[in-house]
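Coordinate analysis (summary)
Each chain is listed here by its residues.
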Amino acid sequence: MNRINLFIKYLKNNRIKEYDKIIQDALSNDYQVISLRDYVEKNYDDSKKLFILRHDVDHFSDGTRMIFEVEKKYGVRSSFYFRNSTFEPKLMKEIEAYGSEASLHFEPIADFVKANGTRSKEELLTYADWQERCLKILKANLERYRELLDIPCKTIASHGEYENTLVQTPNNYLTEDTKTYAFLDIKLEAYNKEMIDKVTCYISDVPLEINSGYKYGTTPYEAIKSNEEFIMFLTHPNHWHYTLFQKLKKLVKMVIRKPIYVKESFKRV
């Protein structure tokens, strides 16, 4: 996508229409469009192709509700994961009442690192009980969501922050041992190895100026056309709708910088 086309696309601010088209394409090609909770509870026909929708709500954005409205229009379900900083009780209750999933986008290791001013993995390891303390933070966050909203939070998704790179430890390190699932009262973490190994095509969105909006070398359209058996599609709703101020910032950046194209393969964190 050249700079002029990007400029036009940002001005139109129509990426929600693109999302609508993706859902249409998936359904018209006989995909079951489901949430991660549907997957782990086996609420699908395992003889048919899967298209799992995961949304990481990293920032407040009107795009979150817009994506939800598109999904309601077509009667499909998805999983929305909210950080403590993007907690939206009203919307989360609506998502659950509809039959989709609202749950926690967790980051207790990053929170622990921030709180203690930790600058490296070596420093993190000086706290003999750091993992136990982070698990307790995670459990407390889950219990807060459940109590405040009366929602099950049976699947959760790890968030990545700068602090995780400092200590070279992703937040889902806490759930790599699935024995922690019982302690947390969950059924799945979104980077669970057993599940990811079954995914035949993993797609994530990025801002439009990077790889024309998609990571890992393919688009949802291409994956659907290729009849991939198990597609995992991760979005960040703030990449799908921009306010006027955000559009102006993007347009200024485009004048200064060329679009970015990066070759990158998916790696489970």
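Located above this text is the structure these notes cover.
What comes next concerns the included structure.

Reading the values: rules and limits
- Residues numbered from 1 in each chain as written.
- Predicted model: local features only at pLDDT ≥ 70, side-chain atom pairs only at ≥ 80, totals over all residues.
- Heavy atoms only, no water.
- Helix = DSSP H or I, 4+ residues; strand = E, 2+ residues; numbered from the N terminus.
- Buried < 20%, exposed > 50% of the residue type's maximum accessible area, 1.4 Å probe, protein only.
- Contact = heavy atoms within 4.5 Å.
- Areas by Shrake-Rupley, 256 points an atom, 1.4 Å probe, with all protein chains shown as cover.
- Salt bridge = Lys/Arg side-chain N within 4 Å of Asp/Glu carboxyl O.
- Pairing = 2+ DSSP bridges.
- Right-handed = clockwise from strand over helix to strand, strands pointing away.
- Expected span 1.5 Å × (residues − 1).
- Arc of directions from axis to C-beta.
- Core = buried A, V, L, I, M, F, W, Y, C linked by side-chain atoms within 4.5 Å.
- Polar contact = N/O pair within 3.5 Å; in protein donor to acceptor, adjacent residues only side chain to side chain.
- Axes fitted to C-alpha atoms, helices over the stretch in contact; angles between N-to-C directions.
- Parallel < 35°, antiparallel > 145°, perpendicular 65-115°, else oblique.
- Left-handed = near helix turned anticlockwise from the far one by under 90°.
- Nonpolar A, V, L, I, M, F, W, Y, C, P; charged D, E, K, R; others polar.

A closer look at the overall build of the protein
- The helix and strand inventory of the protein stands at 13 helices and eight strands.
- Within the protein, the fraction of its 269 residues that count as buried is 52%.
- A sequence separation of at least 24 residues applies to 72% of the contacts in the protein between residues at least 6 apart.
- Summing over all exposed atoms, the protein offers an accessible surface of approximately 13100 Å²; the carbon and sulfur share of this is 52%.

A word on the pattern of salt bridges
- Summed over all chains, the structure comprises 19 salt bridges.
- A salt bridge links Arg65 to Glu69; the shortest N-O distance between them is 3.5 Å. One end of the pair is Arg65 and the other is Glu69, both in helix H4 (residues 62-74) and four residues apart, which spans about a single turn.
- Of the charged contacts, one joins Lys90 and Glu94 as a salt bridge, the two residues approaching to 2.7 Å between their closest N and O atoms. Taken together, the positions of Lys90 and Glu94, both in helix H5 (residues 89-98) and four residues apart, correspond to about one turn of that helix.
- Taking the relative accessible area as the measure of exposure, Lys90 reaches 61% and is therefore exposed.
- On the accessibility criterion, Glu94 (25% relative accessible area) is partly exposed.
- Look at the salt bridges and you will find they share partners, linking Arg65, Glu69, Lys72, Lys90 and Glu94 into a network.

Considering the pairing of strand E8 (residues 230-235)
- The element E8 is largely enclosed, with a buried count of six among its six residues.
- With burial as the criterion, each face of E8 is covered, one bearing Phe230, Met232 and Leu234 and the other bearing Ile231, Phe233 and Thr235.
- Bridge count between strand E2 (residues 49-57) and E8: six bridges; the pairing is parallel. Bridge pairing in E8 places Leu50 opposite Phe230.
- Alignment of strand E7 (residues 201-204) against E8, held across four bridges, turns out to be parallel. Bridge assignment links Ile203 to a residue of E8, and that residue is Phe233.

Structural notes on the pairing of E7
- Burial along E7 is two-sided: Cys201 and Ile203 and Tyr202 and Ser204, pointing in opposite directions, are all buried.
- Chirality of the crossover, the property in question, places the unit of E7, helix H12 (residues 220-225) and E8 among those that are right-handed.

Looking at helix H8 (residues 130-149)
- Across its 20 residues, H8 extends 29 Å between first and last C-alpha, which sits within 8% of the 28 Å expected from 1.5 Å per residue.
- Listed in full, the buried residues belonging to H8 are Trp130, Cys134, Leu135, Leu138, Asn141, Leu142, Tyr145, Arg146 and Leu149. Buried residues along H8 cover an arc of 145° about the axis, so they all sit on one side.
- Looking one or two residues beyond H8, the residue adopting positive phi is Asp150, at roughly 55°.

Topic: the nonpolar core
- Grouped together as the largest cluster of nonpolar side chains are 51 residues, with contacts concentrated most on Phe51, Phe82 and Phe233.
- Considering each element in turn, this core owes the most residues, seven residues, to H8.
- For Phe51, the residues in contact, after removing those within four places along its chain, are Ile22, Ala26, Tyr31, Gln32, Val33, Ile34, Pro220, Ile224, Ile231 and Phe233.
- Ile52, Ala190, Phe230 and Leu234 belong to the second-largest nonpolar core, a separate cluster that totals 18 residues.

With respect to the environment of Tyr191
- Relative to the helices and strands, Tyr191 resides in the loop between strand E6 (188-189) and helix H11 (193-196).
- The class for Tyr191 is buried, based on a relative accessible area of 10%.
- For the pair formed by Tyr191 and Lys267, sequence separation is 76 residues and the distance between their alpha carbons is 10.0 Å.
- Polar side-chain contacts of Tyr191 include one of 3.3 Å to the side chain of Arg54.

So, helix H6 (residues 108-116)
- The complete set of buried residues in H6 reads Pro108, Ile109, Ala110, Phe112 and Val113.
- Buried residues along H6 sit in contact with strand E4 (101-106), helix H7 (121-124), H8 and helix H9 (162-166).

Section: the environment of Asp25
- Position of Asp25 among the secondary structure elements: in helix H2 (residues 15-28).
- Given a relative accessible area of 17%, Asp25 falls into the buried group.
- Spatially, the C-alpha atom of Asp25 lies 7.3 Å from that of Tyr221, the residues being 196 residues apart in sequence.
- Each residue touching Asp25, except ones within four places of it in the same chain, is listed here: Tyr221 and Ile224.

Quick word on the packing of H2 against H4
- Axis separation between H2 and H4 bottoms out at 10 Å; the angle between their running directions is 30°. Relative to H4, the element H2 lies roughly parallel. Both H2 and H4 take part in a crossing whose hand is right-handed. Together, Ile16, Tyr19, Asp20, Ile23, Gln24 and Leu27 of H2 and Gly63, Met66, Ile67, Val70, Glu71, Lys73 and Tyr74 of H4 make up the contact between the two elements.
- Partitioning the contact of H2 with H4 into residue classes produces eight nonpolar, two polar and three charged.

Any link to function would need more than the numbers given here.
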